[in-house]
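# An overview of the molecular structure
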Amino acid sequence: MKKLMLLAVGALCLLGCQKQTKQEINYNVERFYDLEVLRFDVPDFDQLTLEQKKLVYYLTEASLWGRDILFDQNCRYNLAIRRLLEQVYENYPNKEDEDYILMTKYLKRVWFSNGIHHHYNEDKFLPEFSQVWWYDAVYQQPEDTLKKILGNNYKDQFAAVSNVMFNPEVLKKKVNQAAGADLILTSACNYYQGVTQAEAEEYYATHKDTSEEPLWVGLNAQLVKDKDGQLVERTYKVGGLYGEALEKVVYWLEKAKEVAENDEQRLVIEKLIEYNQTGDLKTFNEYAIAWVKDIESRVDFINGFTEVYGDPLGITGAWEAMANFKNLEATRRTEILAQNAQWFEDNSPTDKAFKKEQVKGVTAKVINAAILGGDCYPSTPIGINLPNANWIRKEYGSKSVTIQNITDAYDKAAQGNGFAEEFMLSAEEVEMARKYGSITDNCHTDLHECLGHGSGKLLSGVTKDDLKEHGSTIEEARADLFGLYYIADPKMVELGIMPNKDAYKAEYYRQMMNGALTQLVRIELGKDLEEAHMRNRQLIANWVLDHTNKENPEVEIIEVPVPVDKTQQDSPACLKHFIRVNDYEGLRQLYGQLLAIIQQITSTGDYQMAKELVEKYAVKIDYNLHKEMLARYEKLNLAPYKGFLNPVYTPITDKQGNITDIKIDFTEGYAEQHLRYSHNYSPLPTFN
Ligand code: ZN
């Protein structure tokens, strides 16, 4: 099937229709250890103007030049290790050698984690190849090359680097958060050198800015001791620490400034350039404020020292980047919902006394990522809310975005991984999910965020806190039910948001399956549900299952004998549980009834009723069902962590060297991409 499609694309190219031919994207790239590498599409890039395309291109370049910074921030030996591994990877003669193959696996992991510690659990991972082989392989490399990577004293450096790689006791955790030990001395990250936790805390306590518009002291600096033992900041800036990389970032930001879409955006870029050049934190605040205010531009970006989870004291930012542009189709969807907010409020199945007379919808900004860099690469968030400075959020607001093409890529990559086939009742549900799963999931999220949370009103004297510990579960259930009720409404087709009157069934099936059965695979056997979103989903599914028509249930859990080996006719069968929906319209009425109840609980602040509902439906898990789900999930052998490859952007120029278009390509492989980045975008010294 796939081959046929590729042939068709090829034939079109021969006919000279290259421009209209969309490249077939292979979403699943590679799998190793607990990691999987995926690709993402960049829809609508073709629809950008040439100036916008150039802007995106320059910002992608600015995003790639900081890659080394994060490696060094994660651990001061990371660049040395990466460079030695890459040298051996490209030059070792026997690629069939068992140790070489194991080293390749290790290198792939180092690329994925931007260093030698697991990107998520932060533990150091150890090589599986032998240390003797490693010494031999490295010393086969030309002395000049080793000196270039490690310096003239390369023998000592190599011994130290190898000890860090192979000795399980050295630098074993990237960020240690276990109280009791010195968090800085027991963390491998590189935000401090030769400084204890007590010294750093004292330094930052005395240097903290307590003014009304405070500077984020330490955001862009490594804390070290000078030769007299005094604490000093090595600031990340051009001419300072990481200056070689930031210089390049600035070079591309300058180009981006030339093609900025408007004055607001030009100011954002100007301030960021100035901040990179000076390291001045006041300029950083000005930049952050300008960035929040720039909401009209189609193209947007993040580039700099941002999230502080990598620093055990939570002060210094890890370098991250992302260039993106507004997804107009999705943003249009949220605008339509917001414009019709009052209609939805008036027609909801809740009691009139609990409805808002005047309701305002929220427009969410939906974006497509063009490139991921630094701390967003290869593992990336699917939503972003910045800036982090609280006073700026309070005074100027924040930008909250969802990254649709990344979410879509996860969906696409999950197709064919066996999950749907294992847990959905029949080919019919699998096909429905394939066809409408993405669009209905996005629509449900839009309804939940843009209208659900803002709908309804509290009676006078009632506050959100009245529901106490059950408040967030009830609130999430309210927003989810609002979305579920309306996603099936003919109004959604009329507004041009849903493709047809049956598509919603994909979301209904998935919600019931997930809420009652499959979300359990994320919970350890024997535990209760704790998290509010998970509780809310189970509350909805289990309440519905408990309130169906007993003679003719609208939806039910059924037990089906399934052959253990589907390819064998006489294979023994085992019993498996599935959701079966018999009456989708009836299911919608049940969602409506529960929405009315949950709205009443919220509007009247009925704590007792909230407690009863949550305790009866949302917390406890059926042990045997849970065990079955875990066993079935484990058999699928899916990677728990996923990351991405970037597309390749190439400028097309005319005879005079003017850019006439930007070409985008999705075929680069995993090792290929990382080696290209290491060859072309690696300006930092090995030790900084
Ligand atoms: Zn919510």
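Conventions and cut-offs
- Residues numbered from 1 in each chain as written.
- Predicted model: local features only at pLDDT ≥ 70, side-chain atom pairs only at ≥ 80, totals over all residues.
- Heavy atoms only, no water.
- Helix = DSSP H or I, 4+ residues; strand = E, 2+ residues; numbered from the N terminus.
- Rg over C-alpha atoms; globule rule 2.2 N^0.38 Å.
- Buried < 20%, exposed > 50% of the residue type's maximum accessible area, 1.4 Å probe, protein only.
- Contact = heavy atoms within 4.5 Å.
- Areas by Shrake-Rupley, 256 points an atom, 1.4 Å probe, with all protein chains shown as cover.
- Lys, Arg positive; Asp, Glu negative; His and termini not counted.
- Charge placed at Lys NZ, Arg CZ, Asp CG, Glu CD.
- Donors = N, O, S within 2.8 Å, 3.2 Å for Na, K, Ca; no water.
- Core = buried A, V, L, I, M, F, W, Y, C linked by side-chain atoms within 4.5 Å.
- Domains from an automatic or database assignment.
- Pairing = 2+ DSSP bridges.
- Axes fitted to C-alpha atoms, helices over the stretch in contact; angles between N-to-C directions.
- Parallel < 35°, antiparallel > 145°, perpendicular 65-115°, else oblique.
- Nonpolar A, V, L, I, M, F, W, Y, C, P; charged D, E, K, R; others polar.

Okay, the overall build of the protein chain next. When helices and strands are tallied, the protein chain shows 26 helices and 15 strands. Against the 2.2 N^0.38 benchmark of 26 Å for 688 residues, the protein chain shows a C-alpha radius of gyration of 27 Å, consistent with a compact globule. With the principal axes as the frame, the protein chain shows a C-alpha extent of 85 × 70 × 65 Å. For the protein chain, the residues scored as buried account for 54% of the 688 residues in total. When contacts within the protein chain are restricted to residue pairs at least 6 apart in sequence, long-range pairs at least 24 apart make up 72% of them. In the structure as shown, the protein chain presents an accessible area of about 31,400 Å², 50% of it carried by carbon and sulfur atoms. When the 77 positive and 104 negative side-chain charges of the protein chain are each reduced to one mean point, those points stand 2 Å apart.

This part takes up the coordination of the zinc ion. Those donors, H448 (NE2), H453 (NE2) and E476 (OE), are the protein atoms that reach the zinc ion, and they lie 2.1 to 2.2 Å from it. Mapped onto the sequence, the residues coordinating the zinc ion show the spacing H-x4-H-x22-E. Classification of H448 as buried rests on a relative accessible area of 8%. Relative accessible area serves as the criterion here: at 25%, H453 is assigned to the partly exposed category.

Attention now goes to the nonpolar core. Among soluble globular proteins, nonpolar side chains are generally buried collectively. L85, W134 and Y192 are the most contacted members of the largest nonpolar core, which totals 132 residues. Among the elements that take part in this core, helix α12 (residues 281-293) stands out by supplying 8 residues, more than any other. Two domains each put at least three residues into this core: domain 1 (12-38 + 328-395 + 405-640) and domain 2 (68-175 + 657-680). For L85, the contacting residues outside a window of four places in its chain are M103, Y106, L107, V110, F129, W134 and M165. Counting 65 residues, the second-largest nonpolar core is a separate cluster that includes M432, A506, Y508 and V619.

Strand order in this open sheet of 3 strands is β1-β2-β13, and the pairing throughout is mixed. The outermost strands of the open sheet, each flanked by one partner alone, are β1 (28-32) and β13 (641-645). Going from strand to strand, the sheet's axes swing by 25° on average, the running direction of each strand aside. Note that strand β2 (residues 35-39) and β13 share 5 bridges and pair parallel. When the bridges of β13 are listed, L35 appears paired with Y641. Packing against the sheet, helix α16 (residues 404-414) makes contact with β1, β2 and β13, and its axis sits at approximately 115° to β13. Relative to the sheet, helix α26 (residues 670-680) contacts β1, β2 and β13, its axis offset from that of β1 by approximately 90°.

The next thing to look at is the packing of helix α3 (residues 67-74) against helix α4 (residues 78-91). Remark: α3 packs on α4, axes separated minimally by 7 Å, with the N-to-C direction vectors making an angle of 120°. Taken together, α3 and α4 sit at an angle that is classed as oblique. Of the residues in α4, those touching α3 at R67, D68, F71, D72 and N74 are N78, L79, R82, R83 and E86. Here the contact of α3 with α4 is composed, by residue class, of 2 nonpolar, 2 polar and 6 charged.

Glancing now at unusual backbone geometry. Of note, the amide linkage connecting Y377 to P378 takes the cis form, showing an omega dihedral of -5°. Mapping P378 onto the fold places it in the loop between β8 (365-374) and β9 (383-386). Along the chain, L386 connects to P387 via a cis peptide bond; the corresponding omega equals 0°. Checked against the element boundaries, P387 lands in the loop between β9 and α15 (390-396). With phi around 45°, L171 is a residue other than glycine that occupies positive phi space. Residue position: L171 is located in the loop between α8 (154-166) and β3 (192-193). Among the residues examined, L171 registers a relative accessible area of 26% and is labelled partly exposed.

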